[in-house]
Amino acid sequence: MSTSPVASWLELSERAYATNVATFRSVAGQGRVGAVLKGNAYGHGLLETLALAHGRVDVLYVITPAEALAIRAWETQHGKPRTEVLVIGAVSASDCVELARQHVSVVAADRGFVDTVAALRSAGLKLDVHVHLDTGLGREGFTRAGLESGEADFFADARDVITVQGVLSHFANTEDVTEQDYARTQLGNFEAGVKLLQARAGVTQDVQRHFAASAAALVLPPARLDVVRVGISMYGLWPSPETRLSARVVLGTLPALEPVLAWKAPSQVVKWLPSGSYVGYGCTWRCAADTRVAVLPVGYWDGYPRLASGKAHVLVNGRRCAVLGRVMMNHLIVDVTHATKDEQPVVATLLGRDQEEQVSIETISGWAQTIHYETMTRLGPHLRRVVVP
Ligand SMILES: *Cc1c(COP(=O)(O)O)cnc(C)c1O
């Protein structure tokens, strides 16, 4: 899709990204640091973020085979060495054959993975695998009972085609709390699961263990293990206010996290509406005075949440400008009466900083009654994304 110059765009700050990687290097100590690029890199853009992450972090995590293959294609196109890529989402046997050819590792999470063993043998290919343990999230992964009943024993006989390179799990309740009791229980389950895999499934002593996403990496040191899988905080965002509070306590200081993303929109027109004019669908806003408005070519199609109607503001020339009436599919109308002196075009900051003012993704998500994870991943893939120094 071509993007018009009169369209909103996203800016990714390379400096902010580098700061966040450095923060996690220092948090992880000797451990390795991985970046999670699922969900179109949390809306930042897979390939644009890849340009920032490649060579800076040790491992890249994606959900789908297509994302992993896009990373390999980018590496070939840019003459970059192959970095470690792990598909943490569901994969079919035929996906695995293709991923094995491209030297991408995959996660095995249930006994259905035996089909992959068979497919690899007939294709004559080897694959690096990480075994997912369900330690209390109730999502994918071998459960304790499953391991005890022999569901993962097939790995012991699959060493001709499969190398178990890692064992992983995922926390259920690290972001919403300041006490990490449930996470510690999950860690205990994990160690028990790894022992079972070693005893029954031929998994070696030096297998790579990884468990922590952003929150646990920051606030639960025993969860850091061999690698941390950092999603949201590599983009400079706290998983939750609770995590931020805990980090101050656990680390003694607040680590530097810098938001990577800003969202800007040029005006398509700036004009006066006389007092008494209605604005937008449903005529939900009526101007109480002559009002200078800017019409912005951005709306809920682009990921600006309609639920923010009646609450939101954007920034123009360092001033807050209320979004008047409803957020539309392709338009926002904002009050720039006091933000500009004339009807020349303006550039509005929907997300990010403008002089002394800042709109955070948490603020927008609050207007929309959801979490920033959702708001970020709904940013339209069609939006133009530019990396700025
Ligand atoms: C999404 C995800 C992560 C990253 O989570 P954040 O909270 O964004 O850091 C890590 N591991 C797994 C398995 C995930 O699904």
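Residue positions are counted from 1 within each chain, in the order its sequence is given. Per-residue local features are limited, in this predicted model, to residues with pLDDT of at least 70; the limit for side-chain atom pairs, both in listing and counting, is 80 or more; totals at the level of whole chains, interfaces and linings are taken over all residues. Only heavy atoms go into the side-chain values, all of them from the structure, while hydrogens and water stay out.

A.B. asks: Can you help me understand the nonpolar core in this one?
C.D. replies: Proteins that are soluble and globular tend to have nonpolar side chains buried together. Among the buried residues, those of types Ala, Val, Leu, Ile, Met, Phe, Trp, Tyr and Cys that are joined through side-chain atoms within 4.5 Å form a nonpolar core. Three labels apply to residues, based on accessible area from a 1.4 Å probe with only protein chains included: buried if under 20% of the type maximum, exposed if over 50%, partly exposed otherwise in between. In terms of nonpolar packing, the biggest core is built from 119 residues, with Phe155, Tyr304 and Val314 touching the most fellow members. The source of the domain bounds is an automatic or database domain assignment. Two domains each put at least three residues into this core: domain 1 (14-251) and domain 2 (261-388). The residues contacting Tyr304, other than those within four sequence positions of it, are Trp263, Gly299, Ala312, His313, Val314, Val323, Val327, Leu332, Leu350 and Trp367. Listed in part, the 8 residues of the second largest apolar core include Leu273, Val293, Leu324 and Ile333. What makes two residues a contact is simply this: any of their non-hydrogen atoms within 4.5 Å.

A.B. asks: Help me understand the sheet that holds strand 17 (residues 332-335) in this model?
C.D. replies: Sheets are built from strands that pair by backbone hydrogen bonding, the pairs being arranged parallel or antiparallel. Strand order in the open sheet formed by 3 strands is 11-14-17, and the pairing between neighbours is antiparallel. Each end of this open sheet is capped by a strand with a single partner; those strands are strand 11 (269-273) and strand 17. Going from strand to strand, the sheet's axes swing by 30° on average, the running direction of each strand aside. Pairing geometry for strand 11 and strand 14 (residues 291-296), over 5 bridges, is antiparallel. For Trp272, the partnering residue across the bridge sits in strand 14 and is Arg292. Any two strands with at least two DSSP-identified bridges between them are counted as paired. Runs of H or I in DSSP of at least four residues are treated as helices and runs of E of at least two as strands, each being numbered from the N terminus. Under this scheme, a helix contributes an axis fitted over its contacting stretch, all axes are lines through C-alpha atoms, and angles between N-to-C directions fall in the 0 to 180 degree range.

A.B. asks: In this structure, what is going on with empty space enclosed by the protein? I would like to understand it.
C.D. replies: Vacant regions in the atomic arrangement are exposed by a probe of water-molecule size rolled over the atoms. Here a cavity is any set of points on a 1 Å grid over the protein atoms alone where a 1.4 Å probe fits but cannot get out, and a pocket is any open set with protein on both sides within 12 Å along at least 5 of 7 lines; a residue lines the site when it has an atom within 4 Å of a point. Grid points are joined across faces, edges and corners, and a volume is the space filled by probe spheres set on the points. Summed over the entire model, instances satisfying the criterion amount to 1 cavity of 30 Å³ or more. If you trace the largest cavity, you find it lined by His132, Leu133, Asp134, Thr135, Leu137, Glu140, Ser169 and His170. Its residues assigned to classes, the lining of the largest cavity comprises 2 nonpolar, 4 polar and 2 charged. When residues are sorted by character, Ala, Val, Leu, Ile, Met, Phe, Trp, Tyr, Cys and Pro go into the nonpolar class, Asp, Glu, Lys and Arg into the charged class, and all the rest, Gly among them, into the polar class.

A.B. asks: For this particular structure, what's the right way to read the pairing of strand 14?
C.D. replies: Burial of strand 14 is extensive: 6 of the 6 residues sit out of reach of the surface. Residue alternation in strand 14 divides its side chains into two sets, Thr291, Val293 and Val295 and Arg292, Ala294 and Leu296, and both sets are buried. Inspection of the sheet shows strand 14 paired to strand 17 by 4 bridges, in the antiparallel sense. Pairing of Ala294 across the sheet is with Val334, part of strand 17.

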